[in-house]
Amino acid sequence: MADPQSNFAHCEALVREADPDRYWASLLAPEEKRPSLHALHAFNFEIARVRESVREPMLGEIRLQWWRDALQGEARGDVRANPVAAALDDTIVRFRLPRQSLVDLIDARIFDLYDDPMPSVNDLEGYSGETSSSLIQLASIILSDGKDPGTADAAGHAGVAYAIAGLLRAFPIHARQGQLYIPTDILAQHGVVRDDIVTGRGGPGLKGALADMRAMARRHLDQARTLRTTIPPEAEPAFRPLALVEPYLKAMETPDYDPLHTPIDVPRWRKIWALWRGPF
């Protein structure tokens, strides 16, 4: 069994490689809080990548159940042999994080295992809230030494904006895999059906549907900005990744943007500059 320092170092390396945006943002947090932020985000990555690591959805459900049981103290075997689970457990105990929020995140990720359509805008916002918004709120609690930072509303809107930007960036990958996160009601408004996307045909309505998604992200971004006075200074680093939402959305609005084939990113120096300047 690895010692706690090794567990946290494992989480840091994992986040640095797999989730660089959150990693760079974490470097703007107090040094003593970074290991716990890395543990939280390493857990998120482990849950998010379950679909890619299994051959069929049922195996993914079993893996998610292991994490659910680990959080609820019901997992068989030595949970602490898993460095991410061990570091997360230490973080939960130290900062009194609500375990149910982490269980809810796992439950929301069951959607990722299947090719079911996202039924509506409300469903997408709920999914984003249980995943992305929850991470921001939990990070805020860590940064506030386990106290309620009063950031739930701001984290809610910030997380939805960040999640939508991320889903739009991953749109070409999801399309090839048969996954569809664009709500069915938005697609219907533009005359787009699932086969248009997963077969790579696209169609004239697709860009309009994705423009609606960007508008939704910006609405939540604006709402988060109106709530910035509710974010105490110590919790502000949890919101730093929000600074990347607008640059990503703008990169999708260039004349040569092909949503089914164009990878979306911005130069690293621009990311670091935006994160340093802050989310608002």
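See the structure printed just above.
So, here's what we can say about the structure. (Residues numbered from 1 in each chain as written. Predicted model: local features only at pLDDT ≥ 70, side-chain atom pairs only at ≥ 80, totals over all residues. Heavy atoms only, no water.)

Considerations on the packing of helix H5 (residues 57–71) against helix H6 (residues 83–95)
- H6 packs onto H5 with a crossing angle of 35° between their chain directions and a minimal axis gap of 11 Å. Our pair here, H5 against H6, has a crossing hand that is right-handed. Where H5 abuts H6, its residues Trp 66, Trp 67 and Leu 71 lie against Val 84, Ala 85, Leu 88 and Ile 92.
- Residues that form the contact of H5 with H6 fall into these classes: 7 nonpolar, no polar and no charged. (Axes fitted to C-alpha atoms, helices over the stretch in contact; angles between N-to-C directions. Helix = DSSP H or I, 4+ residues; strand = E, 2+ residues; numbered from the N terminus. Left-handed = near helix turned anticlockwise from the far one by under 90°. Contact = heavy atoms within 4.5 Å. Nonpolar A, V, L, I, M, F, W, Y, C, P; charged D, E, K, R; others polar.)

Some points on the layout of surface pockets
- Empty space within the largest pocket amounts to approximately 1,200 Å³.
- Lining the largest pocket are 38 residues, and of these Ala 18, Ala 48, Gly 166, Ala 170 and His 174 lie nearest its centre.
- When residues of the lining of the largest pocket are traced back to their parent elements, those giving at least two are helix H2 (20–26), helix H3 (34–48), helix H4 (50–53), helix H8 (121–143), helix H9 (152–169) and helix H10 (171–177).
- If you tally residues by element for the lining of the largest pocket, the top one is H9, at 6 residues. (1 Å grid on protein atoms, 1.4 Å probe; cavity = no way out; pocket = protein on both sides within 12 Å on 5 of 7 lines; lining within 4 Å. Points joined across faces, edges and corners; volume = space filled by probe spheres on them.)

Digging into the side chain of Arg 109
- Mapped onto the fold, Arg 109 is located in the loop between helix H7 (99–108) and H8.
- Only 3.0 Å separates the side chain of Arg 109 from the side chain of Tyr 127, close enough to count as a polar contact. (Polar contact = N/O pair within 3.5 Å; in protein donor to acceptor, adjacent residues only side chain to side chain.)

Details of the nonpolar core
- Core analysis: the largest hydrophobic core is formed by 90 residues, its most contacted members being Phe 43 and Ile 197.
- Considering each element in turn, this core owes the most residues, 10 residues, to H9.
- Those residues in contact with Phe 43 that lie beyond four places of it in its chain are Trp 67, Leu 71, Val 84, Leu 88, Leu 102, Leu 105 and Ile 106. (Core = buried A, V, L, I, M, F, W, Y, C linked by side-chain atoms within 4.5 Å. Buried < 20%, exposed > 50% of the residue type's maximum accessible area, 1.4 Å probe, protein only.)

Some remarks on empty space enclosed by the protein
- Counting across every chain of the model gives 2 cavities of 30 Å³ or more.
- The volume enclosed by the largest cavity comes to roughly 140 Å³.
- Every residue lining the largest cavity is counted, 14 residues in all, and those nearest its centre are His 41, Ala 139, Pro 237, Ala 238 and Pro 241.
- Counting residues per element, the ones that place at least two in the lining of the largest cavity are H2, H3 and H8.
- Sorting elements by how many residues they give to the lining of the largest cavity places H8 first, with 4 residues.
- Taken together, the residues that form the lining of the largest cavity break down as 10 nonpolar, 3 polar and 1 charged.
- Approximately 40 Å³ is the volume found for the second largest cavity.

Observations regarding unusual backbone geometry
- Within the chain, Arg 96 stands out as a residue other than glycine whose phi angle is a positive 50°.
- Along the chain, Arg 96 falls in the loop between H6 and H7.
- The phi angle at Asp 145 is positive, at roughly 60°, despite the residue not being glycine.
- Counting through the fold element by element, Asp 145 comes out in the loop between H8 and H9.

Re H3
- Its 15 residues place the ends of H3 21 Å apart at the C-alpha level, agreeing with the 21 Å of an ideal helix rising 1.5 Å per residue.
- With 11 of its 15 residues buried, H3 lies for the most part within the structure.
- Among the residues of H3, those classed as buried are Ser 36, Leu 37, His 38, Ala 39, Leu 40, His 41, Ala 42, Phe 43, Asn 44, Glu 46 and Ile 47. (Expected span 1.5 Å × (residues − 1).)

Section: H5
- Its 15 residues place the ends of H5 21 Å apart at the C-alpha level, agreeing with the 21 Å of an ideal helix rising 1.5 Å per residue.
- Here the buried face of H5 lies against H3, H4, H6 and H7.
- Looking one or two residues past H5, Gly 73 carries a phi angle of roughly 75°, positive in sign.

Concerning the pattern of salt bridges
- For the structure shown, the criterion picks out 20 salt bridges.
- A salt bridge links Asp 19 to Arg 22; its shortest N-O distance comes to 2.9 Å.
- Arg 49 is paired through a salt bridge with Glu 46; the nearest N and O atoms lie 3.0 Å apart.
- When salt bridges with common partners are traced through the structure, they connect Asp 21, Arg 169, Asp 265 and Lys 271 into a single cluster. (Salt bridge = Lys/Arg side-chain N within 4 Å of Asp/Glu carboxyl O.)

By themselves, these are just geometric observations and shouldn't be taken as functional.
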